[in-house]
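Analysis of the macromolecular model
Spelled out from the first residue to the last, the chains are:
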Amino acid sequence: MSQSYDRGLIEDFGRWQEFSAGMWAWVLHKFTGWVLIGYLFTHIAVLSTAIPAATGDPAIYTGTLQSLEQLAIVRVLEVGLLSVAVFHILNGVRLLFVDLGVGLDTQDTSFYASLVLTGAIVVASVPTFISGAF
Amino acid sequence: MAERYSSFEPKGTRWFLQRLTAGFLVVVLAFHFMLLHFVHHAYEITFMGTQARMTQVGYFATMTLFLLTATFHGVNGVYNALVNQGLSGTRKTAVKYVLVGAGLVLTIQGVRVALAMTGMDVTL
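Figured I'd write up the structure that's included with this text.

Brief notes about the interface of chain A and chain B
Contacts between the two partners involve 36 residues from chain A, matched on the other side by 41 residues from chain B. For the side of chain A that touches chain B, the elements supplying multiple residues, two or more each, are α1 (21-47), α2 (50-54), α3 (58-70), α4 (72-99) and α5 (107-130) of chain A. In terms of residues, the side of chain A that touches chain B owes the most to one element, α1(A), which gives eight residues. Taken together, the residues of the side of chain A that touches chain B break down into 21 nonpolar, ten polar and five charged.

What about the nonpolar core?
Counting residues in each nonpolar core, the largest one holds 18 residues, and the members touching the most others are Ala50(A), Ala53(A), Val113(B), Ala116(B) and Met117(B). Only α1, α2 and α3 of chain A together with α2 (47-54), α3 (57-84) and α4 (89-117) of chain B provide two or more residues apiece to this core. At five residues, the largest contribution of residues to this core is made by α4(B). Residue contacts for Ala116(B): discarding those within four places in its chain leaves Ala50(A), Ile51(A), Ala53(A), Ala54(A) and Val122(B). Residues Phe87(A), Ile89(A), Leu90(A) and Phe33(B) belong to the second largest nonpolar core, which totals nine residues.

What to know about the packing of α1(A) against α5(A)
Residue and element names in this part refer to chain A. Interhelical geometry of α1 versus α5 gives an angle of 45 degrees and a closest axis separation of 9 Å. What the angle tells us is that α1 and α5 run oblique. Pair α1 / α5 crosses with left-handed handedness. Contacts between α1 and α5 involve Ala21, Gly22 and Ala25 from the first element and Gln107, Asp108, Phe111 and Tyr112 from the second.

Procedures and definitions
- Each chain has its residues counted from 1, following the order in which its sequence is written.
- In the order they appear in the text, chains get letters beginning with A and ligands get numbers beginning with 1.
- The model is predicted, so local features are restricted to residues of pLDDT at least 70 and side-chain atom pairs to those at 80 or more, both for listing and for counting; the totals for chains, interfaces and linings are taken over all residues.
- It is the C-beta atoms, placed from the backbone, that decide contacts: two residues are in contact if theirs lie within 7 Å.
- Helix and strand labels come from DSSP, where a helix needs a run of H or I of at least four residues and a strand needs a run of E of at least two; each type is numbered from the N terminus.
- Polar here means any residue outside two lists: the nonpolar Ala, Val, Leu, Ile, Met, Phe, Trp, Tyr, Cys and Pro, and the charged Asp, Glu, Lys and Arg; Gly therefore counts as polar.
- Among buried residues, those of type Ala, Val, Leu, Ile, Met, Phe, Trp, Tyr and Cys that are joined through C-beta atoms within 7 Å form a set called a nonpolar core.
- Any residue with 12 or fewer other C-beta atoms within 10 Å of its own C-beta is exposed, any with 20 or more is buried, and the rest are partly exposed; the C-beta atoms used are placed from the backbone.
- For helices, the axis comes from a line fit to the C-alpha atoms of the stretch in contact; other axes are also lines fit to C-alpha atoms, and the angle between any two N-to-C directions lies between 0 and 180 degrees.
- Comment on the angle field: the value is read as roughly parallel under 35 degrees, roughly antiparallel over 145, roughly perpendicular from 65 to 115, and oblique elsewhere.
- Helix crossings get a hand from a simple test, with the near helix turned counterclockwise from the far one by less than a right angle marking a left-handed crossing and a clockwise turn marking a right-handed one.

Right under this line is the structure:
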């Protein structure tokens with residue numbers, strides 16, 4: 001059985017200078033999760049232009065998406081979205097392994113690996129995400 | 001102790017579904033980004049291209065399941081995060097129903113969008 005222990009008031013973000021790697025992993029997973037669910041609602045709202053597009057005016061959908069993609073700020077925000085998605089995926093995989101009892105002694109290392117890999121994937125993706133926007 | 005600790009034991013349906021949807025989303029979210037940013041560029045997306053993809057049964061089913069699992073995983077995750085922050089009592093109940101409602105609205109609208117992407121008239 002797992003043991004419970006007093007971890008202090010974890011909601012007190014004023015203690016951030018005392019946070020361990022595990023705490024940062026927890027904070028970043030929550031933050032990226034909030035961003036992703038917020039984006040999902042926005043995404044479906046924008047894609048809802050497919051509804052009038054299906055009844056005879058495809059330009060509503062195509063025009064909306066392509067107009068948004070012409071805005072440099074949207075491209076920058078997409079890189080931000082990629083960053084949070086990649087981190088949430090990689091850290092999520094790490095958490096699934098931890099749940100399975102795999103890699104318990106190397107949790108700090110795997111968190112740092114998640115961060116480094118996220119950075120590498122995002123940097124490598126930037127040219128594709130901003131091509132033609134500037 | 002860390003050596004003996006594993007949380008992968010029965011902890012209820014929502015706990016298990018959160019892990020199950022996570023496993024599915026890891027794969028499909030990565031696929032979604034790859035397909036619509038690297039194979040097809042986002043700035044080249046057209047309704048015709050979207051329709052061509054969504055009229056393939058496998059792709060449609062995958063994207064619809066993507067919507068359902070992402071909605072559950074996200075809404076359940078928000079609920080868990082708020083409970084973790086100390087939400088309890090009447091406020092907890094109220095938040096639960098607000099989140100269930102938001103999840104249902106998102107699911108219904110998302111399914112309408114998916115069907116419209118196949119060319120179906122879903123106007124109310």
